[in-house]
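What follows is each chain in one-letter form.
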Amino acid sequence: MKDTLDKEQTRAALLELFETLLSRYGALNWWPADTPFEVCVGAILTQNTNWLNVEKAIVNLKREGLLSAEALREIDEGRLAELIRPSGFFNVKSARLKGFVGWLFERYGSLDAMFQGDWIGLREELSAVRGIGPETCDSILLYAGGKPSFVVDAYTRRLFSRLGLMREEDDYHRVRALFMDHLPAEVPLFNEYHALIVEQCKRHCRKKPLCDGCPLTRFCTFLAAGRP
DNA sequence: ATCCTGTGGG
DNA sequence: CCCACCGGAT
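Every chain's residues receive numbers from 1 upward, in the order its sequence appears when written. Each chain is given a letter, starting from A, and each ligand a number, starting from 1, according to the order in which they appear as written. Selection of residues for local features in this predicted model requires a pLDDT of at least 70, selection of side-chain atom pairs for listing and counting requires 80 or more, and totals for whole chains, interfaces and linings are taken over all residues. Water and hydrogen atoms were dropped before computing side-chain values, which therefore reflect all heavy atoms in the structure.

In the annotation of an unreviewed UniProt entry, the entry for chain A reads Endonuclease III-related protein, and the organism field reads Citrifermentans bemidjiense.

Here it is as structure tokens:
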């Protein structure tokens, strides 16, 4: 039995996994935010951080009327850090938010302007901004800008390595390419797929797996490999 | 490989 | 108490 899939088999596998997750969890309609700018802020605040903690920080920012690029540009970095304290890493994240809005104004003037035109080029630019790594960048492109850029995170690696479709140590570009090269570049598909991966990993595919009731057991090599 | 950091769950 | 959390920079 061959242990590698060809392109068509990989495409079919990825789509079958998507359909299975979708039928289990339903459409999740990400990102949970009121505006594209709020998505950008959330994407930075959620770096290596539980989303519940991010929500607290977002509530603080909303209460202070700070969920706009203009307001964030004006606020003192130290005060911003205090407001986003619940999201953890507040000093670095405050600097990153200030850096992002500063760059945004200099380079484009507004989010709308930023999302006009070629998003491939924008991806390069965004990635070069301090504190915007590959995942944050793709989250902004997909969930704030509606661009078909697949988002990869630690959950994606954990799930798909356990499914035998990649190695956990594969770098970001390689993992992203698995999806970008085998799936149609459709925003609703990319949007739901990443959200469903997150949901699946919160519910079942944890570090310490909760395989009870997992919708993917029939695809999973993790149990079969006998390595919990 | 280590630092950045609060919060909730087991 | 300990760990994990929708990472990124050095």
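Moving on to the protein's contact with DNA strand C. Working definition: residue near molecule or strand if any one of its non-hydrogen atoms lies within 4 Å of it. Taken together, 25 residues are adjacent to DNA strand C, and Arg130, Glu135, Thr136, Tyr155 and Lys202 come closest. Here, DNA strand C places atoms within 4 Å of the protein, and 73% of those atoms are sugar or phosphate. Interatomic distance of 3.2 Å between a backbone N/O atom of Glu135 and a phosphate oxygen of DNA strand C. Classes in brief: Ala, Val, Leu, Ile, Met, Phe, Trp, Tyr, Cys and Pro nonpolar; Asp, Glu, Lys and Arg charged; the others, Gly included, polar. Partitioned by chemical class, the residues of the surface near DNA strand C number nine nonpolar, nine polar and seven charged. Throughout this description, a polar contact denotes any pair of N or O atoms lying within 3.5 Å of each other; where both atoms belong to protein, one of them has to be capable of donating a hydrogen while the other can accept it, and for residues adjacent in sequence the pair is counted only when both atoms sit in side chains.

All right, on to the packing of aromatic side chains then. Aromatic rings from Phe, Tyr and Trp, with only the six-membered ring used for Trp, were paired whenever their centres fell within 6.5 Å, and each pair was classed as stacked if the ring planes differed by under 30 degrees, edge-to-face if by over 60, and tilted otherwise. Taken as a whole and assessed by the stated rule, the structure comprises 13 aromatic pairs. Measuring from centroid to centroid gives 5.7 Å for Phe179 and Tyr193, while their planes differ by 80°, and the two rings are edge-to-face. Note that Phe179 is positioned in helix H11 (residues 172-180) and Tyr193 in helix H12 (residues 187-203), a separation of 14 residues in sequence. Here Phe179 falls in the buried class, since its relative accessible area comes to 0%. Residue exposure (1.4 Å probe, protein chains only): buried if accessible area is under 20% of the type maximum, exposed if over 50%, otherwise partly exposed. Residue classification places Tyr193 among the buried positions, given a relative accessible area of 0%. Grouping aromatic residues by their ring pairs yields a cluster made of Phe18, Phe150, Phe160, Phe179, Phe190 and Tyr193. We call a charge positioned over a ring when the NZ of a Lys or the CZ of an Arg lies within 6 Å of the ring centre and within 35 degrees of the ring normal. Its end group placed over the ring of Tyr108, Arg107 keeps NZ or CZ at 4.5 Å from the ring centre. In this description a helix means any DSSP run of H or I spanning at least four residues, a strand means any run of E spanning at least two, and both kinds are numbered starting from the N terminus.

So, about the UniProt feature "domain: HhH-GPD" (unreviewed entry) in chain A. UniProt positions are given in the numbering used here, feature names are shortened, and annotations may be inferred rather than shown by experiment. With numbering matched to this structure, UniProt assigns "domain: HhH-GPD" (unreviewed entry) to residues 45-203. Across residues 45-203 one finds 66% helix and 0% strand; the C-alpha atoms that close the span lie 22 Å apart.

What surrounds DNA strand B is the set Asn53, Lys56, Arg85, Pro86, Gly88, Phe89, Phe90, Asn91 and Val92. When the atoms of DNA strand B within 4 Å of the protein are sorted by group, sugar and phosphate make up 56%. A distance of 2.7 Å separates a base nitrogen of DNA strand B from a polar atom in the side chain of Asn53. For DNA strand B, a phosphate oxygen lies 2.2 Å from a polar atom in the side chain of Lys56. Elements with a contribution of two residues or more to the surface near DNA strand B: helix H3 (51-63) and helix H6 (90-107). With three residues, the single largest contributor to the surface near DNA strand B is H6.

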